[in-house]
Each structure stands twice: as structure tokens, then as C-alpha cells.
Amino acid sequence: MQKNTPTNADLISRSLSAVWHPCSQMKQYETFPLMPIARGQGVWLHDYDGNKYLDAVSSWWVNLFGHSNPRINAAIRCQLEKLEHVMLAGFTHEPVIELSERLRELAPPGLGHCFYGSDGASATEIALKMSAHYWRNTGQPDKVQFISLQNSYHGETLGALSVTDVALFRDAYGMLIRQQATIASPDSRNAAEGETSETCALRCAEALETHLQQHHAQLAAFIIEPLVQGAAGMAMFHPIYLKLARQLCDKYDVHLIADEIAVGMGRTGTMFACEQGGIAPDFLLISKGITGGYLPLSIVMTTDKIYQAFYATETARGFLHSHSYTGNPLACRAALATLDIFEQDNVLAANRQKAAFLNSIAQPLRELPFVKNWRNTGMIWAFEVVSPHADFAQRCFQLGLQHELLLRPMGNTVYFMPPYVISDEEMHILLTRTKNIIETLT
Ligand SMILES: *Cc1c(COP(=O)(O)O)cnc(C)c1O
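Residues numbered from 1 in each chain as written. Predicted model: local features only at pLDDT ≥ 70, side-chain atom pairs only at ≥ 80, totals over all residues. Heavy atoms only, no water.

## So, the environment of Gly50
Positionally, Gly50 belongs in the loop between strand S2 (44–46) and strand S3 (52–55). Look at Gly50 and you get exposed, because its relative accessible area is 70%. Separated by 43 residues in sequence, Gly50 and Thr7 have C-alpha atoms that sit 9.6 Å apart. (Helix = DSSP H or I, 4+ residues; strand = E, 2+ residues; numbered from the N terminus. Buried < 20%, exposed > 50% of the residue type's maximum accessible area, 1.4 Å probe, protein only.)

Given below as C-alpha cells:
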């Protein structure tokens, strides 16, 4: 039976007693309370006490077209009446076929085969396994190592953690993983005195070549977040690095894995970030925004060359990996509805105008004396704040909520990664309130 509508306070205490929340020290919720959300509409999240919050981080980078989007809702409802789920081993269905065909059209050339997982980390796992297994199937069983960029993030399961360079995780779980080497990140913030972001990228590509020269015989793949390293604090880099990384991986016979889990689906201004380097990777990882932020789904796209190396009579030469919800029909329908919106609303062009508008009204914020490294790629903005508070991120988050904004800084990096449906007026709200918050905290 439906009880009375709960309050924020009811739900906070029940949640803290029964739910172990992710990415959290649970004790901190004593000081910084949880936020129960009752419903969402467009860019707004509504709690149980009549407050609302502008979701400036797209609910952890997944939401593209707003909460409770009528077109995505309708697509899921329609699929729900036909088939909620069926296993994908030995079975197939229209949503997964259509989605694979459409992604093949949209992705950089040559990525004709789609393998499905349920979340971003499993896409990373799939690509790492597939790459090493490819080399074994083609007679190079020593190629079992991987490289990633400094401060990379590719997920938090044990295999994904081995190519994730976050000190906190490495210190906590290093004993469980086979940590892989990292190489210099072309992060423009690291440009030396007198370097441009482009020359910084060129220097880092040389470091990549040095590593490849020495280790290529043992290397299966290089995994990279193209253009923007999200968890590194929205570290942005010059697209020339992608082009050079592709050339070097070809030269040294190492796979290139493009983790576009966060940057894909139009986030950097093109459908996939790799397009801006003019390259196609050997593996393209897609998740997060692909379902519009509705349902967990991930896809690993790869080439016919790799696919053919597994095509044989022996089971053991085939790719050995599965998840219970592989290719879930509801998630695929949400993804197809998301692709429809891209097409029908000419979203990439519309986003260029939105980004230009936001930049045109950003001056008062970016000129604050405590705001550094203001940067923008597509529909991602970020800057560092020089603040006297050691717990700046928590304070900024908390103060944001008081201003009806959901901001979730990473350390001293504040970023905006709003749903693409954000209006001019909402962008104004975002910038003026963020400016107030930063002024209070500096
Ligand atoms: C979020 C993210 C992942 C992991 O995805 P999950 O669904 O959280 O497992 C991997 N790589 C990148 C670049 C991400 O942003």
C-alpha cells in the first residue's frame, strides 16, 4: 500500500541504514547529507521537500536529453509491451540488430562488429581481453600488457583498475591488480613554459614512441580517453595526439582502444571524439550517454580484422565473455531513441550554438581572479579554483545545492557537463550562481 509521501529526512535515514553508497566515505554523510530525489524533468532534479536542482553534471555524465524525456520514455514503454529481455547467446532481437547497424554507420570507418556489455567497466574488460586474445590467436602470445595515460580512468573492476591511474585506488587495491605502465599525458595544463597545447601533445607523443619502441613485443594495446580525460579533472588535450597515437600504434603493431564512454555521443562536439583526430581506433568503447542516461548498456565496437581472428571451429578461439543482461532490448531501444533524437533535432549543430552561447556569457565567471585554466571542448567546460578551503569540493557541492545547482567538483576542478537540452535561461542560471558560489569560497 502507498504510504504518505516521504520527506527528505525519512529517506535519508532509511538510505543510510540500508544502502551502501558508491564513491563515498559513508561517515561523511553525517556532515554532508544525502540528497533524495523524487523525480526529474529536463535538466532539473526535484527532491521530496519541494526543492529542485539543475543537473550540471548530467547525473555522472550519462544524461543527454534531460530527465524523463518523452521520446525515450515512449520508446522504452513500447518495447516493454513486446520483449523485456532475452539472452543474447543463441538468440537475437530487433533492437540489438538495429542498434549495431546504426552504430556501424555512425562510428569511425571499419568498426563493423558490436560486442555488448552492461556498463563502462565491463566494456574496458572486454576490450582488454579481446586485444590480448587476438594476439594469442594470431601467434603472438607474449603481447599481454597494456599502457594508459597518466591520470587515466577506465573503470573500477579489477581489470579496468589495472589501466586506471588514480592514486587513491592504486593505494587501496594495488595488491589485487596487475598494474600496467602509464605514459605522459598530453593534458594541456601540463604544457611547459613556452609550449602550446599542440607542442605539449607532440612532446608526449615522443614519450609514447620511446615506450612503444622498448616494449611493443609485450604490448597488446594502448587505451586512451580521446580529447578529454574526465576523471583526471576534465583534462583536455590537442587532437594531434590522437593522430600520432594512431600512427605509432600502427608502426609498433599495438592496438589502440578509444574509451569514449564519457566523451562519445556528441559530448566533445563530434559524435565520437576520435573524429577530431581523423582516426579510427581498433576498439571503440561506448556507454554512459548511449541510452540517454536511462539504462546500463555498453558496447565494444571492433574491426573485421580482429573479428576474423576469432572466427574458427574451436570454441577456445572464440571470444569467451558474457553478461546476463548482454544487449538488453529495453536498453537498446533507449539507445535507438537517443540516436533518433540526434538525427531529428540535428543535435551536433544545435550543441555548437549552445556552447557558443555559454561561452559568450561566461566572461564574468572566467575573469574571477581565483579561476584558472578555463577550458571548453564541445559540451564540457572546466576550470580550477584557487581556494583557501582544503575541502573545497565538498563545500562547493553543498553550496551548489543551496543555490539549486548540482555541481560535483573533482578536487579544485569545477566542471559543467550539462544535458544537451539545457536552455539559454538555464545556462544563465548555471553561470551566475556558480560565480556567486566561487566568490563565496575564495
Ligand atoms: C565512467 C567511465 C568508465 C566506467 O564506466 P562505468 O559504467 O562507471 O563502469 C570508464 N571509462 C570512462 C572514460 C568513464 O568515464
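## A closer look at the layout of surface pockets
By volume, the second largest pocket is sized at about 480 Å³. For the second largest pocket, the lining is made up of 17 residues, of which His113, Cys114, Phe115, Met130 and Tyr307 are closest to its centre. Counting only elements with at least two residues in the lining of the second largest pocket, the list comes to helix H4 (94–106), strand S4 (113–117), strand S12 (298–302) and helix H10 (304–308). The class makeup of the residues in the lining of the second largest pocket is nine nonpolar, six polar and two charged. (1 Å grid on protein atoms, 1.4 Å probe; cavity = no way out; pocket = protein on both sides within 12 Å on 5 of 7 lines; lining within 4 Å. Points joined across faces, edges and corners; volume = space filled by probe spheres on them. Nonpolar A, V, L, I, M, F, W, Y, C, P; charged D, E, K, R; others polar.)

## What to know about the domain arrangement of the chain
Entries for the chain in the domain assignment read domain 1 (73–344) and domain 2 (346–442). Each partner contributes residues to the interface: domain 1 has 20 residues there, and domain 2 has 21 residues. Roughly 1600 Å² of surface becomes buried between domain 1 and domain 2 when both sides are summed, with 64% attributable to carbon and sulfur atoms. Among the residues domain 1 hides against domain 2, the three largest losses belong to Met234, Met236 and Arg267. Together they make up 45% of the total. Joining domain 1 to domain 2, the criterion identifies one salt bridge. Between Arg189 and Glu384 there is a salt bridge; the shortest N-O distance is 2.9 Å. The tally of links from domain 1 across to domain 2 stands at 10 residue pairs in polar contact (both at pLDDT 80 or more). (Domains from an automatic or database assignment. Contact = heavy atoms within 4.5 Å. Buried area = accessible area lost by both parts, 1.4 Å probe. Salt bridge = Lys/Arg side-chain N within 4 Å of Asp/Glu carboxyl O. Polar contact = N/O pair within 3.5 Å; in protein donor to acceptor, adjacent residues only side chain to side chain.)

## Regarding the sheet that holds strand S13 (residues 371–377)
What holds strands together in a sheet is hydrogen bonding between their backbones, with the strands either parallel or antiparallel. Across the sheet, three strands lie side by side as S13-S14-S16; this open sheet has antiparallel pairing. Strand pairing shows two members of the sheet lacking a second neighbour, S13 and strand S16 (413–416), which therefore form its edges. Averaged over all pairs of adjacent strands, the angle between strand axes in this sheet comes to 15°, irrespective of strand direction. The sheet contact formed by S13 and strand S14 (residues 380–385) spans five bridges and is antiparallel. (Pairing = 2+ DSSP bridges. Axes fitted to C-alpha atoms, helices over the stretch in contact; angles between N-to-C directions.)

## Some words on the packing of aromatic side chains
Within the structure shown, the criterion is met by 11 aromatic pairs. Here Phe65 and Phe342 contribute two aromatic rings whose centre-to-centre distance is 5.3 Å and whose plane-to-plane angle is 75°, an arrangement assigned as edge-to-face. Within this pair, whereas Phe65 is found in the loop between helix H2 (58–61) and helix H3 (70–80), its partner Phe342 is found in helix H11 (residues 329–344), the two being separated by 277 residues in sequence. On the accessibility criterion, Phe342 (8% relative accessible area) is buried. With centroids separated by 5.9 Å and ring planes inclined at 40°, the aromatic side chains of Tyr307 and Tyr311 adopt a geometry described as tilted. Since its relative accessible area comes to 35%, Tyr307 is described here as partly exposed. Grouped by ring-pair contacts, the aromatic residues Phe65, Phe342 and Tyr420 constitute a single cluster. (Phe/Tyr/Trp six-rings, centres within 6.5 Å; stacked < 30°, edge-to-face > 60°.)

## Points about the nonpolar core
Leu99, Phe222, Tyr241 and Phe416 are the most contacted members of the largest nonpolar core, which totals 106 residues. No other element matches the 10 residues that H11 contributes to this core. The residue makeup of this core includes at least three contributed by each of domain 1 (73–344) and domain 2 (346–442). Apart from the residues within four sequence positions on either side, Leu99 is in contact with Tyr116, Leu297, Ile299, Cys332, Ala335, Leu336 and Leu339. Membership of the second largest hydrophobic core comes to 22 residues, among which are Ala123, Trp135, Ala221 and Ile257. (Core = buried A, V, L, I, M, F, W, Y, C linked by side-chain atoms within 4.5 Å.)

## A word on the site of the ligand
Neighbouring the ligand are Trp61, Asp119, Gly120, Ala121, Tyr153, His154, Gly155, Glu225, Asp259, Ile261, Ala262 and Lys288. Gly120 is positioned with one of its backbone polar atoms (N or O) 2.8 Å from an oxygen atom of the ligand. Taking Asp259, its side chain carries an N or O atom lying 2.7 Å from a nitrogen atom of the ligand. Relative to its unbound accessible surface of 380 Å², the ligand loses 82% to contact with the protein. For the shell around the ligand, a count of residues per class yields five nonpolar, three polar and four charged. (Near = heavy atom within 4 Å. Areas by Shrake-Rupley, 256 points an atom, 1.4 Å probe, with all protein chains shown as cover.)

## A closer look at the state of the cysteines
Cysteine pairs can be covalently joined through their sulfur atoms, and such a bond is termed a disulfide. In the structure shown here, the tally under the stated rule is zero disulfides. Of all cysteine sulfurs in the structure, the one in Cys204 sits closest to Cys200, which takes part in no disulfide; the separation is 4.5 Å. On the basis of relative accessible area, Cys200 is assigned to the buried category, the value being 0%. Not part of a disulfide, Cys332 finds its nearest cysteine sulfur in Cys114, a span of 9.6 Å. According to the relative accessible area criterion, Cys332 is buried, its value standing at 0%. (Disulfide = S-S within 2.5 Å.)

## A few points about the environment of Trp135
Here Trp135 shows up in helix H5 (residues 120–137). Trp135 gets classed as buried once you look at its relative accessible area, which sits at 3%. Here the alpha-carbon distance between Trp135 and Leu339, two residues 204 residues apart in the chain, equals 34 Å.

## A short note on the pairing of strand S5 (residues 145–149)
With respect to burial, S5 is a largely interior element, four of its five residues being buried. In this sheet, strand S7 (residues 219–224) lies alongside S5 in parallel orientation, the contact comprising four bridges. Across the sheet, residue Gln145 finds its bridge partner in S7, namely Leu219. As paired strands, S5 and strand S6 (residues 181–183) are joined by three bridges and run parallel to one another. Counted as the bridge partner of Leu149 is Ile183 from S6.

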